[in-house]
Amino acid sequence: MASAAVLRPAVHDDVEGLLAFDITVVVRTRDDWAAAIDKAARGERLLLVAEVEGVIAAFAQAHRLEQHPDDAAPAGWYLTGVTVLPLYRRAGLARRLTTARLAWIFARADESWYFANAQNTASIDLHTQLGFTEVARAAAIHGVRFDGGEGILFRRGATDPSTFG
Ligand SMILES: CC(C)(COP(=O)(O)OP(=O)(O)OC[C@H]1O[C@@H](n2cnc3c(N)ncnc32)[C@H](O)[C@@H]1OP(=O)(O)O)[C@@H](O)C(=O)NCCC(=O)NCCS
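Residues numbered from 1 in each chain as written. Predicted model: local features only at pLDDT ≥ 70, side-chain atom pairs only at ≥ 80, totals over all residues. Heavy atoms only, no water.

As annotated in an unreviewed UniProt entry, the protein chain carries the name GNAT family N-acetyltransferase and comes from Aeromicrobium wangtongii.

1. A look at the site of the ligand
The environment of the ligand is formed by 19 residues, the closest being V82, R90, G92, R95 and N120. Here R90 contributes a backbone N or O atom positioned 2.6 Å from an oxygen atom of the ligand. Calculation on the ligand without its partners gives an accessible area of 910 Å², and the protein chains cover 74% of this total. Taking a 2 Å distance to the grid points as the criterion, the majority of the atoms of the ligand fall inside the largest pocket. Elements with a minimum of two residues in the shell around the ligand: β4 (76-84), α3 (93-106), β5 (111-117) and α4 (121-129). Residue contributions to the shell around the ligand peak at five residues, all from α4. (Near = heavy atom within 4 Å. Polar contact = N/O pair within 3.5 Å; in protein donor to acceptor, adjacent residues only side chain to side chain. Areas by Shrake-Rupley, 256 points an atom, 1.4 Å probe, with all protein chains shown as cover. 1 Å grid on protein atoms, 1.4 Å probe; cavity = no way out; pocket = protein on both sides within 12 Å on 5 of 7 lines; lining within 4 Å. Sits in = over half its atoms within 2 Å of the grid points. Helix = DSSP H or I, 4+ residues; strand = E, 2+ residues; numbered from the N terminus.)

2. Considering the environment of R45
Within the secondary structure, R45 sits in strand β2 (residues 45-52). The class for R45 is buried, based on a relative accessible area of 14%. Taking the C-alpha atoms as reference points, R45 and W104, 59 residues apart in sequence, are found 9.5 Å from one another. Every residue in contact with R45, bar those within four places of it in the chain, is listed here: A36, K39, A40, Q61, A62, H63 and W104. (Buried < 20%, exposed > 50% of the residue type's maximum accessible area, 1.4 Å probe, protein only. Contact = heavy atoms within 4.5 Å.)

See below:
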């Protein structure tokens, strides 16, 4: 099924489909999605979708974050918001979206960052396979606070080894 998925940058016609992702941490409005698509069109971020038989089954972003005033997480190029609709999980979509986003980041920088809730083993396993290693744990990372109280910051250098891509 994942092989039938088409990965491509999001366009405004995708907003209706993206509204299905109210399962994400931040519930996004139509205007939020439109603004994210416009930023991507200007090259300020990458917003990819995975389309399976006309359904937006997953999305993922990559962009630069400056240092947050309230915590120690560094400025840099971050993977954010990879989310796959439950019906389409465990078919390799997140891995494909993450490999594609890493290529985009490594065309701009020699390191990539990401953070997750310390309890999110699915996300941590996914990114560990892709070469990320833990840097620090904190209650808040880039202003995000975590259910359970702890998040983990991860880093991958462009030439670090990984199992996939
Ligand atoms: C985390 C998430 C994006 C994974 O998406 P997915 O398309 O199912 O992941 P993939 O099929 O590409 O899996 C790649 C690897 O990730 C790991 N993984 C994925 N789901 C997992 C799970 N439920 N438990 C443990 N490991 C998991 C595995 O190592 C897997 O490799 P394998 O299938 O060869 O064992 C998805 O579960 C999701 O949308 N979760 C809710 C949103 C979220 O937490 N996003 C991450 C925020 S940091």
